[in-house]
Amino acid sequence: MVDERRTLQELDGQDWGEPETAPTGMVARCLRLRRTPLKNLSAGDVRLLIGQKIGLPVLIPMAFRYLRADPLVESEYFPGDLLRSLLSVERAYWSDNPVEFEQLIAIARSVAAADGKVANECRTFLAASDCP
C-alpha cells in the first residue's frame, strides 16, 4: 500500500517544474497536485490527474475506493465523472493491471443497468471489452 502522506512527485522522484511558470492553468494545477500529499487529494483531483494520465498506478486504486462507496460519485462536474475518467484510460494500462480491470468491469456492469449518459458509456465500454 502506498504511503498517502507522500506526493506523486516524491513517489516517482521526478520534478516536472514549478507551477508558477507553467504554460497553462491546467498544467499549473497538475504540477501543484503532484506536490500535494495523496491523502489531501479530492475525488476531483484524482479525476483530473487520471484524465491527464498522471500517476495512474497510484491514483487508480484511490479512484476505486471512491467508486466502491458510490459508483456515480460526483467528483467535480456531474454524477459519474470519476467513473467516466476510468472508462477512458488506455487499454494498455488495463492489460498490465487485470485485477483492476475486473474491478472496473464490475462497477461498469452495476452502472450500465441504469439510465443516463454514464450508464450508456458503461454499456459501450463493456461491449468494446467483450463483456456480457
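For the structure itself, look to the data block above.
Residues numbered from 1 in each chain as written. Predicted model: local features only at pLDDT ≥ 70, side-chain atom pairs only at ≥ 80, totals over all residues. Heavy atoms only, no water.

Peer 1: I'm lost on the overall build of the protein chain in this one. Help?
Peer 2: Broken down by element type, the protein chain carries eight helices and zero strands. Reading the protein chain from its N terminus to its C terminus gives the helix and strand order α-α-α-α-α-α-α-α. Relative to the compact-globule value of 14 Å for 132 residues, the protein chain shows a C-alpha radius of gyration of 15 Å, a close match. For the C-alpha atoms alone, the extent of the protein chain along its principal axes is close to 45 × 30 × 25 Å. Considering only contacts in the protein chain between residues 6 or more positions apart, those separated by 24 or more positions represent 49%. Looking at the protein chain as shown, the accessible area adds up to about 7,200 Å², and 53% of this sits on carbon and sulfur atoms. For the protein chain, the distance from the average position of its 16 positive side-chain charges to the average position of its 19 negative side-chain charges is 1 Å. (Helix = DSSP H or I, 4+ residues; strand = E, 2+ residues; numbered from the N terminus. Rg over C-alpha atoms; globule rule 2.2 N^0.38 Å. Contact = heavy atoms within 4.5 Å. Areas by Shrake-Rupley, 256 points an atom, 1.4 Å probe, with all protein chains shown as cover. Lys, Arg positive; Asp, Glu negative; His and termini not counted. Charge placed at Lys NZ, Arg CZ, Asp CG, Glu CD.)

Peer 1: I tried to follow the side chain of Ser129 on my own but got confused; where do I start?
Peer 2: Note that Ser129 resides in the segment after α8 (117-128). Within the structure, the side chain of Ser129 is placed 2.6 Å from the side chain of Arg91, a separation counted as a polar contact. Excluding residues within four positions of it along the chain, Ser129 makes contact with Arg91 and Phe101. (Polar contact = N/O pair within 3.5 Å; in protein donor to acceptor, adjacent residues only side chain to side chain.)

Peer 1: Which parts of the structure should I look at to understand the side chain of Arg34?
Peer 2: Tracing the chain through its elements places Arg34 in helix α2 (residues 25-34). A polar contact of 2.8 Å, which involves the side chain of Arg34, links it to the side chain of Asp12. When neighbours within four sequence positions are excluded, Arg34 is seen to be in contact with Thr7, Leu8, Gln9, Asp12, Gln14, Trp16 and Ile54.

Peer 1: I would appreciate a short explanation of the packing of aromatic side chains in the present structure.
Peer 2: In this description, a pair of aromatic rings is defined by centroid distance and the angle of the planes. One pass over the structure, following the stated rule, counts four aromatic pairs. For the pair Phe101 and Phe125, a centre-to-centre distance of 6.0 Å together with 70° between the ring planes defines the contact as edge-to-face. In this pair, Phe101 is assigned in helix α7 (residues 98-112) and Phe125 in helix α8, connecting sequence segments 24 residues apart. Neither residue differs from the other here; Phe101 and Phe125 are each classed as buried. An aromatic cluster of at least three residues, connected via ring pairs, comprises Phe64, Tyr93, Trp94, Phe101 and Phe125. If you follow Arg34 out to its NZ or CZ, it ends over the ring of Trp16, 3.8 Å from the centre. (Phe/Tyr/Trp six-rings, centres within 6.5 Å; stacked < 30°, edge-to-face > 60°. Buried < 20%, exposed > 50% of the residue type's maximum accessible area, 1.4 Å probe, protein only. Lys NZ or Arg CZ within 6 Å of the ring centre and 35° of its normal.)

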